[in-house]
Amino acid sequence: MKNAIYLATSHDCAANLAGEAYMLTLEYDHILFLWVNDPCIVIGRYQNPFSECNLKNMEEHNVQLVRRQSGGGAVYHDRGNLCFTLIGNKETTTKEENFSLVLKALANLGLHCELSGRNDILLDGKKISGNAFQTTATKFCHHGTLLVSSDLSVMSNYLTPSSTKLASKAVRSVASRVGNLKEGREDITNEMMQAALVDAFNAAYGQTEVTAIDCAAIPEAQANYRRFGDLSVILEKTPQFTHFFTHRFDWGEASLHLQVEKGLISEVRMFTDALDTSIVDRAVGILKGVPYNHAVLAELARTCEQADLVSLLSHVVSLL
């Protein structure tokens, strides 16, 4: 069999996902790809980042937003999280075979984990690994996370949805109780986990040399970078959704419905008991066609000279 093991030297998640997509085109029977990312939020193929993420906090703390091609929920990555990808022939490779390999690697480190019903791996009841899958014409791709020593305290800063009510056709994540492998073995490191996965892969498929790879430097991978890591592309691919709220302002009560398509406010509907009925047309005029973006809407509120619209815009911004 012709197999390959790759260890990423890049910590750019979008570059690594682009590299993974490139590996799906390579003629190998089995591939193991190991990668570690700088802080980022990775959302599933059909998820809505506006409802899954606190984009404002992410921007302030330089946390990258990435959209993968597989399904599943939104997850937080940092340098304490080891990602693995197993690629094999679509006709012969199964997720059960892959899970067996990962569980054996964990067991060899004294970490006796189990599968849960949602394609997660648990250690003492806590989720330490989430997994997602993608199938091409010829390949089956299984990628997952292994929380080794991730800073779980910051996850809620970026994954907790805001109080905005979003009616969306996109998929929402299900919150999970998560933990680190360090809770089961205090001295564990990414390098130990990587070595255990390599050993399990070699035991299953034969001795294979580990090759360091810089996905950011592979032309075929970089051609796909924007699909995974360009914020404008990610937002454009977000399914249509509606942001709506009801709030009482000094000038009256208002219900505002904003329809968002491809990251832009495409339709505005407003209902109000305000005495000044012109606010409806003025609100539609200032919001329609504007990017559904915290910074853009905050700038609109800052530069607007109409007090009632300033309070309306400021409230929208507070909900993003």
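Residues numbered from 1 in each chain as written. Predicted model: local features only at pLDDT ≥ 70, side-chain atom pairs only at ≥ 80, totals over all residues. Heavy atoms only, no water.

A. Main features of the overall build of the protein chain. What the protein chain contains, in helices and strands, is 12 helices and 15 strands. Projected onto its principal axes, the C-alpha positions of the protein chain cover 75 × 40 × 30 Å. Split into buried and exposed, the 320 residues of the protein chain put 49% on the buried side. Taking contacts inside the protein chain between residues at least 6 apart in sequence as the whole, the part at least 24 apart equals 70%. Roughly 14800 Å² of accessible area belongs to the protein chain as shown, and the carbon and sulfur atoms make up 50% of that amount. Separation of charge centres in the protein chain, based on 28 positive and 36 negative side chains, amounts to 5 Å. (Helix = DSSP H or I, 4+ residues; strand = E, 2+ residues; numbered from the N terminus. Buried < 20%, exposed > 50% of the residue type's maximum accessible area, 1.4 Å probe, protein only. Contact = heavy atoms within 4.5 Å. Areas by Shrake-Rupley, 256 points an atom, 1.4 Å probe, with all protein chains shown as cover. Lys, Arg positive; Asp, Glu negative; His and termini not counted. Charge placed at Lys NZ, Arg CZ, Asp CG, Glu CD.)

B. Highlighting the pairing of strand 2 (residues 30–36). Counting buried positions along strand 2 gives seven out of seven residues, so the element sits mostly inside the fold. Here strand 2 shows no split at all, with His-30, Leu-32, Leu-34 and Val-36 on one side and Ile-31, Phe-33 and Trp-35 on the other all buried. Relative to strand 2, strand 1 (residues 3–8) is paired through five bridges, and the arrangement is parallel. Looking across to strand 2, one finds that Ile-5 is bridged to Leu-32. In this view, the connection linking strand 1 to its parallel neighbour strand 2 by way of helix 1 (residues 13–23) has right-handed handedness. (Pairing = 2+ DSSP bridges. Right-handed = clockwise from strand over helix to strand, strands pointing away.)

C. Local environment of the environment of Arg-227. When you line up the elements, Arg-227 lands in helix 8 (residues 225–229). Considered as a pair, Arg-227 and Arg-67 are 160 residues apart in the sequence and their alpha carbons are 7.7 Å apart. Once residues lying within four places of it in the same chain are set aside, the contact partners of Arg-227 are Ala-21, Arg-67, Gln-69 and Val-233.

D. Representation of the sheet that holds strand 3 (residues 40–43) within the structure. Strand order in the open sheet made by the three strands is 4-3-5, with mixed pairing throughout. Both edges of this open sheet fall to strand 4 (64–67) and strand 5 (75–77), since each of them pairs with a single strand only. Strand after strand, the sheet turns through a mean of 30° between neighbouring axes, direction not considered. Here three bridges tie strand 3 to strand 5, and the two strands are oriented antiparallel to one another. Residue pairing for strand 5: Val-42 is matched across the bridge by Val-75. Running over the sheet, helix 1 touches strand 3, strand 4 and strand 5 and is turned about 20° from strand 4. (Axes fitted to C-alpha atoms, helices over the stretch in contact; angles between N-to-C directions.)

E. Molecular detail of the packing of helix 11 (residues 294–303) against helix 12 (residues 307–319). At a minimum axis distance of 8 Å, the contact between helix 11 and helix 12 shows a crossing angle of 160°. Judged by the inter-axis angle, helix 11 sits roughly antiparallel to helix 12. Taken as a pair, helix 11 and helix 12 cross one another with a handedness that is left-handed. Residue-level inspection shows His-294, Leu-297, Ala-298, Leu-300 and Ala-301 of helix 11 in contact with helix 12, the latter providing Val-310, Leu-313, Ser-314, Val-316 and Val-317. A per-class count over the contact of helix 11 with helix 12 returns eight nonpolar, two polar and no charged. (Parallel < 35°, antiparallel > 145°, perpendicular 65-115°, else oblique. Left-handed = near helix turned anticlockwise from the far one by under 90°. Nonpolar A, V, L, I, M, F, W, Y, C, P; charged D, E, K, R; others polar.)

F. Structural detail: the packing of helix 4 (residues 95–108) against helix 6 (residues 190–205). Close contact between helix 4 and helix 6 brings their axes to 8 Å; oriented N to C, the two are set at 130°. One way to sum up the angle between helix 4 and helix 6 is to call them oblique. For helix 4 against helix 6, the interelement crossing comes out right-handed. Taken together, the residues of helix 6 that come into contact with helix 4 (itself represented by Glu-97, Asn-98, Leu-101, Val-102, Ala-105 and Leu-106) are Met-193, Ala-196, Leu-197, Ala-200, Phe-201, Ala-204 and Tyr-205. Of the residues belonging to the contact of helix 4 with helix 6, the class tally is 11 nonpolar, one polar and one charged.

All quantities given are derived from atomic positions and should not be read as evidence of function.
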